[in-house]
Amino acid sequence: MTKALNIKEFLKDNILYLDGGMGTLLQESGLLPGELPERWNISHPDIITNIHRDYFDAGSNVVNTNTFGANILKFDKDELDAVIKAAVENAKKARDESNTAHEKFIALDIGPTGRMLAPYGDFDFEDAVSVFAETIKLGVKYGVDLVFIETMNDSYETKAALLAAKESCDLPVFVSNAYGEDGKLMTGASPAAMVALLEGMGADAVGVNCSLGPKALSGVVKEYLAYSSLPVILKPNAGLPRAENGKTLYDVTPEEFAADVSALIAEGVKVAGGCCGTTPEHISALVQSSKNIEPKAVKKKNITCVSSYTHAVTFGDKTVLIGERINPTGKKRFKEALKANDIDYILKEGIAQQDAGAEILDVNVGLPDIDEARMLKTAVCELQAIIDLPLQIDTSDALAMEGALRRYNGKAMINSVSGKKESMDAVFPLAKKYGGLVVALTLDEKGIPDKAEDRLKIAENILKEAEKYGIDKKDIIFDPLALTISADSNAAKETLRAVRLISENLGCHTSLGVSNVSFGLPEREIITSTFFTLAMQNGLSAAIMNPYSIDMMKAYYAFLALAGKDDNCVSYITFAQKLPKKIEAVSIEKSTSAEKAEHVGSELQVAVVKGLKERAADITSELLKNTPPLQIVQDEIIPALNTVGVGFEKKTVYLPQLLMSAEAAKSAFERIKSALPSGRSSDKCTFVIATVKGDIHDIGKNIVKLLLENYGFGVIDLGRDVPPEEIVSKVVETKAPIVGLSALMTTTVPAMEETIKELRIHAPWCKIVVGGAVLNREYAELVGADKYAADAMETVRYAEEINSELKDK
């Protein structure tokens, strides 16, 4: 074989072997605590080249350049250019010097920026795209064969990196994410959600790396294999880390590593290598262990789905409910909210529909007298910040559609395209670039056909046109168009026939705006709910409907129970038990001011739990008129934060929800502070926090800071890349009883250990809590910490314990 063979062609019939860890090998070679490993491309090129060559000689087909943290946030433009140029040259030299005959490729390694993207952090999505693009363009300039995006623990940052790659080059792009022990990304995404997002955007291989050893990641890998129509990547750590004589060691031997990874290759993994703690010996053992395994062909899964930042919604098993209420048509109050830029109203409508049972939210903000593109992007960004449902982006304006799709954190439904050439020319390129499930209306330049067979023909033409753009039929869902029976008594019958014909003849899914059927008739819910039942009987995959309608929800749950799609009638029974109370979120607009006044206290807790910042602030201002400030803190805000915190610890609430709740609480606190003479809402102890020297990743630190402040601690944030002496000096100066240290990279853990040693000497009273992706409880004990916190809430709980002990003294 020759190098010119495309890596995607090579993957069809072969296992592609990656390299292993870099950071731990550089530490063994003398990398100092806090020293940037990327600079060794220039200062120690021979060491970098030798490591690359050892991996090639061990059997790696792909070596990643030593550029994991190389970006414009860490290096100025000239140095970044020099670092990447040297990194690629080192890898090329290693390839030339390697004496093995197998196929060899060089990948530009792209790691996370270390910044949390807005709205959870202060880093804008487009800024993240620009940072990644800068690095990728340099990698292309100096001749890499592919781009390898890895160790991403946030779906939104992953999207930014993949978008940057797609807009900056035409090279193959592999994407690998870092999952926790719960099988989710830090920000909550499941493997199915990531497959939906990345496959839709055109990644060439997807999978998992870092975090855990191969056995611990097997569940995540199997979910990838079940959902992905792309080659699946596995690049695990060599187990768990431990510190020994100042060095970071891992507990999985090359032989154990090879056996565990080979077992997953036998199940279908096509791209395999190692991450933290793995060495050329691990890769060599893997190549030998798996050399006789017949590579499994990658099969198309034909799964029709959409996703949010947490989960995927799959079409097929039962009818999916799409909430229709975020739409100005026929809604005076909603139109007023759009004109007044009242985003809080839109958010409450979204929350109410989720609580009522909607699984996807339609988002339509089209009014003649507003900037639809701006408002749609804003609505999508604000909704996805506090609601974990997938969104259906509903607009006929291609510019507005692109703006919203670009910022959407997942795989959206795109509503809609039609059989008109002009429509397909505008929408299909957007679907191809950003991914999405396209709602296709069965109408064309001639209008809506009367007969189902003619609507089927339009559907066939749409599929043919979509194929030209590389859009598979699994990513098209047809809307055969429900027309009012008040104008045509056969309208419903033909629509139902079209639903069945499209399903049976094309193997495609269908969606309907069911309420259209009853337009112009009295007691519309009777007709609409009955039509809904008939449509489900004919195989309807999704319905755009009013989730507040009791008649519609009765029809839905009754049908599921009768059709054998509700095991033991659990869903029906749960729904029926709520009927005496009806559906509490019948309409946001109908609660009276008296009711609002009566429930204002509990409303503040709801606003904090749901992450409604403006609402939380406004309610707090009302409460302050008659309630002491600290009573609001103790009786309303802290209980709400505890509710979310417990949910986070139980894995029923994910990080974005936790952060938005904290932001809502912060908004409430700001109003309370203004009412306090001292400007303080608590007398809890001081907490010094920092990311250790050499590490610029401050996502975890910032999350902890936000929560601690909301719980009333006086947080002193020293920032990132902080030398030990600066941390010690601040702790001594403030007599802080607690310090929190964060590290994401294995190469910076020695700096954490050094900081802890200095703190023990100069501030022996201070309790030390540590956290970060590369740490665990055993490792934390070995470096001398008092506490290992697996997440932000565990840090808060520990700080509360220390604060209580101090008060008792």
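See the structure printed just above.
Described below are features of the structure shown in this document. (Residues numbered from 1 in each chain as written. Predicted model: local features only at pLDDT ≥ 70, side-chain atom pairs only at ≥ 80, totals over all residues. Heavy atoms only, no water.)

According to the stated counting rule, one finds 2 cavities of 30 Å³ or more in the structure shown. Lining the largest cavity are Thr67, Phe68, Gly69, Ala70, Asn71, Asp109, Ile110, Gly111, Val131, Phe132 and Thr135. Looking at the lining of the largest cavity element by element, the count peaks at 3 residues for helix H6 (residues 125-141). Split into classes, the residues belonging to the lining of the largest cavity amount to 5 nonpolar, 5 polar and 1 charged. (1 Å grid on protein atoms, 1.4 Å probe; cavity = no way out; pocket = protein on both sides within 12 Å on 5 of 7 lines; lining within 4 Å. Points joined across faces, edges and corners; volume = space filled by probe spheres on them. Helix = DSSP H or I, 4+ residues; strand = E, 2+ residues; numbered from the N terminus. Nonpolar A, V, L, I, M, F, W, Y, C, P; charged D, E, K, R; others polar.)

Within the fold, Ser229 resides in the loop between helix H9 (218-227) and strand E7 (232-235). Of the polar contacts made by the side chain of Ser229, one reaches the backbone nitrogen of Lys301; its length is 2.9 Å. (Polar contact = N/O pair within 3.5 Å; in protein donor to acceptor, adjacent residues only side chain to side chain.)

Attention shifts here to the sheet that holds strand E22 (residues 714-717). With parallel pairing, 5 strands are arranged side by side in an open sheet as E22-E21-E23-E24-E25. With one partner strand each, in any of the chains shown, E22 and strand E25 (787-788) form the two edges of the open sheet. Two elements, strand E23 (residues 738-742) and strand E24 (residues 767-771), share 5 bridges in a ladder whose sense is parallel. Residue Leu741 lies in a different strand from E24, and its bridge partner there is Val770. Contacts from helix H29 (residues 749-762) reach E23 and E24 within the one sheet, and its direction differs from that of E24 by about 175°. Contacts from helix H31 (residues 792-808) reach strand E21 (686-691), E23, E24 and E25 within the one sheet, and its direction differs from that of E24 by about 175°. (Pairing = 2+ DSSP bridges. Contact = heavy atoms within 4.5 Å. Axes fitted to C-alpha atoms, helices over the stretch in contact; angles between N-to-C directions.)

All chains considered together, the criterion is met by 43 salt bridges. Note that Asp475 and Lys411 form a salt bridge whose closest N and O atoms lie 2.6 Å from each other. Separated by 64 residues along the polypeptide, Asp475 in the loop between helix H17 (452-468) and strand E18 (476-479) and Lys411 in the loop between helix H15 (398-407) and strand E16 (413-418) bring together distant segments of the chain. Summarising the burial analysis for this pair, Asp475 and Lys411 share the class buried. With its nearest N and O atoms 2.9 Å apart, the salt bridge here joins Asp786 to Arg760. Of the two residues, Asp786 is situated in the loop between helix H30 (777-782) and E25 and Arg760 in helix H29; the sequence distance between them amounts to 26 residues. Of the residues examined, Asp786 reaches a relative accessible area of 36% and is grouped as partly exposed. Judged by relative accessible area, which is 30%, Arg760 ranks as partly exposed. (Salt bridge = Lys/Arg side-chain N within 4 Å of Asp/Glu carboxyl O. Buried < 20%, exposed > 50% of the residue type's maximum accessible area, 1.4 Å probe, protein only.)

Taking every second residue as pointing to the same face, both faces of E7 are buried, with Val232 and Leu234 on one and Ile233 and Lys235 on the other. Two strands pair when backbone bridges link them, and strand E6 (residues 205-209) and E7 are joined in this way by 4 bridges, in the parallel orientation. Following the sheet pairing, Asn209 is matched in E7 by Lys235. As a crossover connection, the stretch from E6 through H9 into E7 is right-handed. Pairing between E7 and strand E10 (residues 271-272): 2 bridges, direction parallel. Bridging across to E10, Leu234 finds its partner in Ala272. (Right-handed = clockwise from strand over helix to strand, strands pointing away.)

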